[in-house]
Amino acid sequence: MKPLAPRHRTSARTLLATGLITSLALVSGCAKSEDDTAGKDKSSASQGDQGQVVASPSSGSGPTCAIDAYGAKKTDLKSATVGFSQSEKEANPFRIAETASIKAEADKLGVKLLTANAQSQFSKQISDVQDLIAKGADLLVIAPLNSDGWEPVLRSASAKHIPIITIDRKINATACKDYVSFIGSDFVEQGKRAADQMIESTGGKGEIAILLGAAGNNVTTERTQGFEDRIKEKAPGLKIVFKQTGEFAREKGQSVTENLIQSKPGITGIYAENDEMGLGAVNALKGAGKQPGAVKIVTIDGTRNAVQGIVDGWIDGVIESNPRFGPLAFQTLDTFTKGEKVSQDIVIQDSAYTKDNAKADLGKAF
């Protein structure tokens, strides 16, 4: 896929080959349920090159973590039990693809996997992870709903010296003490790239709105920061006149946009901090009788429906946020439990969908 700002996949793949990822093919699959152990879901083959690529060196650059410093013991990943905590209801294609990737990789490696879904309830996620620990999880992979409030889980895991990897969102805790590594995107950069697309689509002039993600996590904060900073820097003619949370949900994104159309009928563009809210905005614009392209929409994720929205003329650009964490998460755990160093922050490289590549690359979306 051709990104908005040129990025160097070749160099990233070289780093990947010589760093943390050395042998695993990056695959994904389709999950049927969220409340069972791995091995029962047979995943379908992914289309195209969809695997995550490390955007920065996996070792030798930035702080690292080793098992001795963390206070855990070496173990064989294949003999361990891994607990995976999903944060949100799987109405969101990002979560479907994320869980499917974790399950598919555990199945591929023959690793026992215990899973839980918090159904978008933070108190449930805390109890879910404590339950995974009680059921015998030796290692934990957590997709956090919120960044704060993890102290009960961290105390329980620390008491049993259980390594924790967080994916797609960070927790506000100390790396290599409370958790081993975070694996995810550069969310500030995603916001900047979304701003670049908005500037291009609007000509750098007009009034724009932001559909904010859910409160309480670093993804929302950083995607907003990156977008606002880039608009201020490069397009003073673009005025952000509306900001309201759509909670990363399509229905909420639609209702917020319906209100936006009433209060700001001359709105030029909408930045939705995930695809689902952007698709909700499209529904609202259709309901208001707007024509495709009348309001410029830029989103983040890379779902099939959003990319189709570009093809259909309703969406101007989608910044990818790759949800296929399975191979990278398990390779990180394997490397760490063998006693080798891993980076405390493992940043993945994301591409983008534009009018130039959306139709050809639709099969790569999730």
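Residues numbered from 1 in each chain as written. Predicted model: local features only at pLDDT ≥ 70, side-chain atom pairs only at ≥ 80, totals over all residues. Heavy atoms only, no water.

A. Structural detail: the overall build of the protein. Each helix and strand counted, the protein has 11 helices and 15 strands in total. A burial count over the protein gives 56% of its 366 residues as buried. For the protein, restricting intrachain contacts to residue pairs at least 6 apart in sequence, the fraction spanning at least 24 positions comes to 79%. If you sum the accessible surface of the protein, you get close to 14600 Å²; carbon and sulfur atoms cover 48% of it. (Helix = DSSP H or I, 4+ residues; strand = E, 2+ residues; numbered from the N terminus. Buried < 20%, exposed > 50% of the residue type's maximum accessible area, 1.4 Å probe, protein only. Contact = heavy atoms within 4.5 Å. Areas by Shrake-Rupley, 256 points an atom, 1.4 Å probe, with all protein chains shown as cover.)

B. Seen up close, unusual backbone geometry. Residues other than glycine seldom take positive phi values, yet Gln-119 does so here, at roughly 55 degrees. Within the fold, Gln-119 resides in the loop between β4 (112-117) and α4 (122-134).

C. Examining the sheet that holds strand β11 (residues 296-301) more closely. Read from one edge of the open sheet, six strands run β9-β8-β10-β11-β12-β15, paired in mixed fashion. Both outer strands of the open sheet, β9 (238-245) and β15 (352-353), are each paired with one neighbouring strand and no more. Here helix α8 (residues 250-263) sits on the sheet in contact with β8 (206-212), β9 and β10 (269-272), set at roughly 135 degrees to β9. (Pairing = 2+ DSSP bridges. Axes fitted to C-alpha atoms, helices over the stretch in contact; angles between N-to-C directions.)

D. Up close: the sheet that holds β4. Within the open sheet, the seven strands sit side by side as β1-β14-β7-β6-β5-β3-β4. Their pairing is mixed. Each edge of the sheet is formed by a strand with only one pairing partner; in this case those strands are β1 (53-54) and β4. Here two bridges tie β1 to strand β14 (residues 345-349), and the two strands are oriented antiparallel to one another. Among the inter-strand pairings, Val-53 is bridged to a residue of β14, identified as Gln-349. The sheet contacts of helix α11 (residues 326-337) involve β1, β3 (81-86), β4, β5 (139-142), β6 (164-167), β7 (181-184) and β14, and relative to β7 the element is tilted by about 160 degrees.

E. Structural detail: the packing of α8 against helix α9 (residues 275-287). The contact between α8 and α9 brings their axes to 7 Å, and the two run at 45 degrees. On the basis of the axis angle, α8 is oblique to α9. The hand of the α8/α9 crossing is right-handed. Across from Arg-250, Gly-253, Gln-254, Thr-257, Glu-258 and Ile-261 in α8, the residues of α9 making contact are Glu-276, Met-277, Leu-279, Gly-280, Ala-281, Asn-283, Ala-284 and Leu-285. (Parallel < 35°, antiparallel > 145°, perpendicular 65-115°, else oblique. Left-handed = near helix turned anticlockwise from the far one by under 90°.)

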